[in-house]
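One letter stands for each residue in the lines below.
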Amino acid sequence: MALKLAIVGRPNVGKSTLFNRLAGRRLAIVDDRPGVTRDRRFGVGRLGDIDLELIDTAGFEDVTDESLEARMRAQTERAVDEADLALFVIDAREGVTPGDQIFAEVLRRKGKPVVLAANKSESKASEAGVLEAFGLGFGEPVAISAEHGEGMADLFAAVAALAPDEDAEDEADDAGKPISIAIVGRPNAGKSTLVNRLIGEDRLLTGPEAGITRDAIPVDWEWDGRRIRLVDTAGLRRKAKVHEKLEKLSTGDSIRAITFAEVVILVMDATHPFEIQDLQIADLVEREGRALVFVLAKWDLIEDPQTKLGELIEQANRLLPQVKGSPVVALSAETGRGLDRLMPAVLKAHGDWSTKVKTRDLNDWLQMAVSRHPPPAVNGRRVKPKYMAQTKARPPTFVLFASRADQLPDHYRRYLINSLRESFDLPGVPVRLTVKSNKNPFAEGEEKSGSAPRRAGPASTKTGLAAKIRREAAAKAEEGAAAKPKPRSRAKPAPKAKAGNPRGRAAKMARPGVKPKRASRPSSSPKRPR
């Protein structure tokens, strides 16, 4: 059986960092400023061979009034009461402070086994703080560094020495997996108050201040024999208004909770519901493919609730047609009015989200839908739906095979999705519809694109003289292509003239009886006397 370990101490001593180290992954938000953690956060971890059920707590403040710090202190004390072992963390670099001494007195009154850990002991400057920790009266402190993972072996030895011996057999886990429900909305919409009212205890911090919740806090619960995991999230504001690093981390944690949830409860203030941020959150839930339930909180402040509820349901269907038909539950978490209608609506949405439709029923419906409203003609040719099948659930995903699937208009796709929801009773469930076409090797343009099989050679089925001539020409062409090319004939070089053998004009002049062309000749006419 897992050992329940509560990590306690002053603000900003590294409790959440140690929580993430023992859990083996980043679960809690970590920042340099004090007071980041406010609610108790549960997780599962392991230290050596010891299975741990971890509880991360808020920093201990010595206040007892009605402030936020006092409510955080009450949450920390409740975590110590529930735990089997308290891991008291101090900052070794600062040493023992008056706040550490006050909290040590509180732990001694609780009577729980305590392991004292001096965190941030990676440097020599922390040695004095480790020695001061002996004065708290919890034995030898364990010097650790949660950020760097140092001292985990010493911490394991200390925890194993104080772990209670239990001979009880481990309880058998339920076969069914718990339904994960994320509760989201704008800040100060009443999300944490709703969770506390559902589980019947003050599990989460609540108050008039906006933005109390920062982490996504999971709470395990059981309703009507069904295991439920409620995940309370931080309020989501418009992205343009989020500037601080801490709020960005909280927003990312809330979006991550939506991604891993099965059903999302969108909590809105009934006095001003369906604002722009509410619509954007609902659209995000639909794009993530999760079942959606609208909750109108603070319903006790509304006059004429029956008329107002009808107007808000009509407004939801008009503003969010992609989740048309999602249940709308009006309630008051403060008084408990209308709370009994929430969980049946959530389980109904979860059942619709997990629906599987038989292929035969789908194709019967497809014939009916096409005959009632045939697909339009595109470029003079009509798209012909052939058959349909469901590939998976959660959310319901369907594949429609049709000719010329890439030209199916979007409005006809929306018609098919709305008809699916109406025929198979899937209100508000995100439906995925993919349209595909079977490949046709004889389709126009396929041979040019290379998808159609190419012919091996000229057609050999034709007969006659023309076919015979073509075959012979092709055979000669193949033989010529396969034959070895002949070497090129080189021109013979001209014989070199021998030495002393004249050529050209010199040879002509050397012949006997040949005179040069330009030789002077005597004139044949006698000269006249003067």
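Please read all numbers here as calculations on a predicted model, not as lab measurements.

Some points on the overall build of the protein chain
Piece 1. Per the secondary structure count, the protein chain includes 15 helices and 17 strands.
Piece 2. Each of the 530 residues in the protein chain was classed as buried or not, and the buried ones make up 42%.
Piece 3. Pairs at least 24 apart in sequence give 69% of the contacts found in the protein chain among residues at least 6 apart.
Piece 4. Counting every atom, the protein chain has about 31300 Å² of accessible surface; 50% of that belongs to carbon and sulfur.

Points about the pairing of strand β5 (residues 114–119)
Piece 1. Where burial is concerned, most of β5 is hidden: six out of the six residues are buried.
Piece 2. Where burial is concerned, the two faces of β5 agree: the one with Val114, Leu116 and Ala118 and the one with Val115, Ala117 and Asn119 are both buried.
Piece 3. One ladder, built from six bridges, connects strand β4 (residues 85–91) with β5; its direction is parallel. Its bridge partner being in β5, Val89 is matched across the sheet by Ala117.
Piece 4. Crossover β4 to β5 through helix α3 (residues 98–110) is right-handed.
Piece 5. Of the strand pairs in this sheet, β5 and strand β6 (residues 142–143) are connected by two bridges, and their pairing is parallel. Bridge assignment links Ala117 to a residue of β6, and that residue is Val142.
Piece 6. Crossover β5 to β6 through helix α4 (residues 127–132) is right-handed.

Observations concerning the packing of aromatic side chains
Piece 1. Tallying each qualifying case throughout the model produces six aromatic pairs.
Piece 2. Ring pairing ties together the aromatic residues Phe88, Phe103 and Phe138, which thus form one cluster.

A closer look at the confidence of the model for the protein chain
Piece 1. In the predicted model, the protein chain carries a mean pLDDT of 81, and 79% of its residues have values of at least 70.
Piece 2. Considering only residues more than four positions removed or in separate chains, one finds that residues 167–175, a stretch of pLDDT under 50, has two contacts.
Piece 3. Under a pLDDT of 50 for its full length, residues 446–461 has, in the predicted model, seven contacts with residues more than four places off or in other chains.

Some thoughts on the packing of helix α2 (residues 68–82) against α3
Piece 1. Here α2 crosses α3 at 40°, and the two axes come no closer than 11 Å. Looking at the two axes, α2 sits oblique to α3. Of the two possible hands of crossing, α2 and α3 adopt the one that is right-handed. In contact with Arg73, Thr76, Glu77, Val80 and Asp81 of α2, α3 contributes Phe103, Val106, Leu107 and Lys110.
Piece 2. In terms of residue class, the contact of α2 with α3 is made up of four nonpolar, one polar and four charged.

Remarks on helix α10 (residues 342–353)
Piece 1. Under the 1.5 Å per step criterion, the end-to-end length of α10 is 17 Å for twelve residues, consistent within 8% with the ideal 16 Å.
Piece 2. Among the residues of α10, those classed as buried are Leu342, Met343, Ala345, Val346, Ala349, His350, Asp352 and Trp353.

With respect to the sheet that holds strand β2 (residues 41–47)
Piece 1. The strand order β2-β3-β1-β4-β5-β6 describes an open sheet built from six strands, whose pairing is mixed. The sheet terminates laterally at β2 and β6, the two strands that pair on one side only.

Description of the sheet that holds strand β9 (residues 226–232)
Piece 1. Read across the sheet, six strands follow the order β8-β9-β7-β10-β11-β12 without closing on themselves; strand pairing throughout is mixed. Among the strands making up the open sheet, the edge pair consists of β8 (217–223) and β12 (328–330). Between one strand and the next, the sheet's axes are offset by a mean angle of 25°, whatever the strand orientation.
Piece 2. As paired strands, β8 and β9 are joined by seven bridges and run antiparallel to one another. The residue bridging Trp223 from the neighbouring strand is Arg226, located in β9.
Piece 3. Most of the contacts of helix α8 (residues 276–288) go to strand β10 (residues 263–269), to which it runs at about 175°, and overall it touches β7 (179–185), β10 and β11 (291–297).

A closer look at the side chain of Ser192
Piece 1. By secondary structure assignment, the location of Ser192 is in helix α6 (residues 191–199).
Piece 2. Of note is the side chain of Ser192, whose polar atom sits 2.6 Å from the side chain of Asp232.

A closer look at the pattern of salt bridges
Piece 1. Summed over the entire model, instances satisfying the criterion amount to 16 salt bridges.
Piece 2. Here Lys110 makes a salt bridge to Asp81, at a shortest N to O gap of 3.3 Å. With Lys110 in helix α3 and Asp81 in helix α2, this pair connects stretches of sequence that are 29 residues apart.
Piece 3. Of the charged contacts, one joins Glu105 and Arg108 as a salt bridge, the two residues approaching to 2.9 Å between their closest N and O atoms. Taken together, the positions of Glu105 and Arg108, both in helix α3 and three residues apart, correspond to about one turn of that helix.
Piece 4. Note on Glu105: relative accessible area 39%, which makes it partly exposed.
Piece 5. Arg108 sits in the partly exposed class, given a relative accessible area of 38%.
Piece 6. The network of salt bridges with shared partners includes Arg10, Glu94 and Asp100.

Concerning unusual backbone geometry
Piece 1. Between Arg394 and the following residue, Pro395, the backbone shows a cis peptide bond with an omega angle of -5°.
Piece 2. Position of Pro395 relative to the elements: it lies in the loop between β15 (385–392) and β16 (397–402).
Piece 3. Phi is positive for Asn12, close to 65°, though the residue is something other than glycine.
Piece 4. In this structure, Asn12 sits in the loop between β1 (3–9) and α1 (15–23).
Piece 5. Assessed through its relative accessible area of 33%, Asn12 is described here as partly exposed.
Piece 6. Positive phi outside glycine occurs at Asn188, with the angle close to 65°.
Piece 7. Tracing the chain through its elements places Asn188 in the loop between β7 and α6.
Piece 8. The class for Asn188 is partly exposed, based on a relative accessible area of 38%.

Basis of the calculations
- Residues numbered from 1 in each chain as written.
- Predicted model: local features only at pLDDT ≥ 70, side-chain atom pairs only at ≥ 80, totals over all residues.
- Heavy atoms only, no water.
- Helix = DSSP H or I, 4+ residues; strand = E, 2+ residues; numbered from the N terminus.
- Buried < 20%, exposed > 50% of the residue type's maximum accessible area, 1.4 Å probe, protein only.
- Contact = heavy atoms within 4.5 Å.
- Areas by Shrake-Rupley, 256 points an atom, 1.4 Å probe, with all protein chains shown as cover.
- Pairing = 2+ DSSP bridges.
- Right-handed = clockwise from strand over helix to strand, strands pointing away.
- Phe/Tyr/Trp six-rings, centres within 6.5 Å; stacked < 30°, edge-to-face > 60°.
- pLDDT = per-residue confidence, 0-100.
- Axes fitted to C-alpha atoms, helices over the stretch in contact; angles between N-to-C directions.
- Parallel < 35°, antiparallel > 145°, perpendicular 65-115°, else oblique.
- Left-handed = near helix turned anticlockwise from the far one by under 90°.
- Nonpolar A, V, L, I, M, F, W, Y, C, P; charged D, E, K, R; others polar.
- Expected span 1.5 Å × (residues − 1).
- Polar contact = N/O pair within 3.5 Å; in protein donor to acceptor, adjacent residues only side chain to side chain.
- Salt bridge = Lys/Arg side-chain N within 4 Å of Asp/Glu carboxyl O.

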